[in-house]
Structures are given as C-alpha cells and as structure tokens.
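The residues making up each chain are set out below.
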Amino acid sequence: MTLDYLYIHDFRGLKNLQLNFLPGKRFTFDWLESRLTVEDQEWYDIENLFGEGIANINAIIGDNRVGKTTLLNFILEWIGNVNENMVLYLATIFYSADMVTYRCPG
C-alpha cells in the first residue's frame, strides 16, 4: 500500500494542507467543490534508484513548530484508527494497493 495524496482540512492547527506523495502525479483537492483533480507531471523513473523494491522516498522537512510532528501523528492515528473521530478532521486520503486507488471517506 502507498500513500498517494493527503488533504487535511483542519487538524490540530494544520489547515487546508495538501501533500502529494506519488511521483509523476499532481493531486489537487477543492474542499468547497469536493473535487479532486489529478495531473500527470514529468517524472524520470530510474530503475532501482533507491534500491531494489523501493519505489520512492518522501521527506517531511520544515522549520521548528510548523507541524511536522502533528502531520506524522495524524498519519499514525489514521493508520492505527487510534482516534475514532479522525473522519471529522479528514477531507480525503488517497492511497493505492495493487494498482487500484482508494478514497477514504471524509
């Protein structure tokens, strides 16, 4: 399973946050229209660039107190279903498994 795109409408200070994790695609979510657009982007697929079996690597980089830990906590809570009210904060998460893309309700 891969996390392709994450949009957080409002979660512990993170507001209208859009994160693209999938190389070669650009996701954009319009909260008011509840519409997701996906555009192809130029991507150089170099075989085994990160090692065998690793498709891509993402990094979360930023200054102190900008929300890196909050973002990771959100993802961990979503994966572990720690917070039953997570759907209240989440607009949409797109992920793929076996070449099929899924949308988590939100």
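Here, every reference points to the structure presented above.
Residues numbered from 1 in each chain as written. Predicted model: local features only at pLDDT ≥ 70, side-chain atom pairs only at ≥ 80, totals over all residues. Heavy atoms only, no water.

Novice: How do you make sense of the packing of aromatic side chains when you look at a structure like this?
Specialist: For any pair of aromatic rings, the description rests on two quantities: the centre-to-centre distance and the angle between the ring planes. Taken as a whole and judged by the stated rule, the model has four aromatic pairs. Residues Tyr 7 and Trp 31 carry aromatic rings whose centres are separated by 6.1 Å and whose planes lie at 25° to one another, so their mutual orientation is stacked. Within this pair, whereas Tyr 7 is found in strand E1 (residues 2-11), its partner Trp 31 is found in the loop between strand E3 (25-30) and strand E4 (35-40), the two being separated by 24 residues in sequence. (Phe/Tyr/Trp six-rings, centres within 6.5 Å; stacked < 30°, edge-to-face > 60°. Helix = DSSP H or I, 4+ residues; strand = E, 2+ residues; numbered from the N terminus.)

Novice: Sorry if this is basic, but what is going on with unusual backbone geometry here?
Specialist: In most cases, non-glycine residues show a negative phi, while peptide bonds are predominantly trans. Unusually for a residue other than glycine, Ser 34 sits at a positive phi of about 55°. Its place among the elements puts Ser 34 in the loop between E3 and E4. Of note, Arg 65 is a non-glycine position whose phi angle comes to about 70°, a positive value.

Novice: Is there a simple way to think about the nonpolar core in this case?
Specialist: Generally speaking, nonpolar side chains in soluble globular proteins are found buried as a group. One finds Leu 6, Ile 8, Phe 11, Leu 14, Phe 21, Leu 71, Phe 74 and Ile 75 forming the largest nonpolar core, which totals eight residues. At the level of secondary structure, the elements contributing two or more residues to this core comprise E1 and helix H1 (68-80). In contact with Ile 75, other than residues within four places in its own chain, are Leu 3 and Leu 6. (Core = buried A, V, L, I, M, F, W, Y, C linked by side-chain atoms within 4.5 Å. Buried < 20%, exposed > 50% of the residue type's maximum accessible area, 1.4 Å probe, protein only. Contact = heavy atoms within 4.5 Å.)

Novice: I keep staring at the pairing of E3 and nothing clicks. Help me out?
Specialist: Strand residues, when the strand is regular, have side chains that alternate between the two faces of the sheet. For E3 and E4, the ladder comprises six bridges, and the chain directions are antiparallel. Directly across from Thr 28, in E4, lies its bridge partner Thr 37. Counting the residues in the hairpin turn of E3 and E4 gives four residues, including Ser 34, whose phi is positive at 55°. (Pairing = 2+ DSSP bridges.)

Novice: Just checking my understanding: could you explain a nonpolar patch on the surface for this structure?
Specialist: On the surface, Tyr 44, Ile 46, Leu 49, Phe 50, Ile 54 and Ile 57 cluster together to form a nonpolar patch covering roughly 620 Å² of accessible area. Of note, Tyr 44 is situated in the loop between E4 and H1. By relative accessible area, which is 58% here, Tyr 44 ends up exposed. (Patch = residues over 30% accessible without salt bridge, like charges linked within 9 Å, V, L, I, M, F, W, Y side chains within 5 Å. Areas by Shrake-Rupley, 256 points an atom, 1.4 Å probe, with all protein chains shown as cover. Salt bridge = Lys/Arg side-chain N within 4 Å of Asp/Glu carboxyl O.)

Novice: I'm lost on the pattern of salt bridges in this one. Help?
Specialist: Pairing between side chains of opposite charge can happen when the charged atoms of each approach one another. Inspection of the entire model under this criterion finds three salt bridges. Among the salt bridges present, the one from Asp 10 reaches Lys 15, with a minimum N-O distance of 3.1 Å. Look at Lys 15 and you get exposed, because its relative accessible area is 53%. Between Lys 25 and Asp 40 there is a salt bridge; the shortest N-O distance is 2.4 Å. With Lys 25 in strand E3 and Asp 40 in strand E4, this residue pair connects regions lying 15 residues apart in the sequence.

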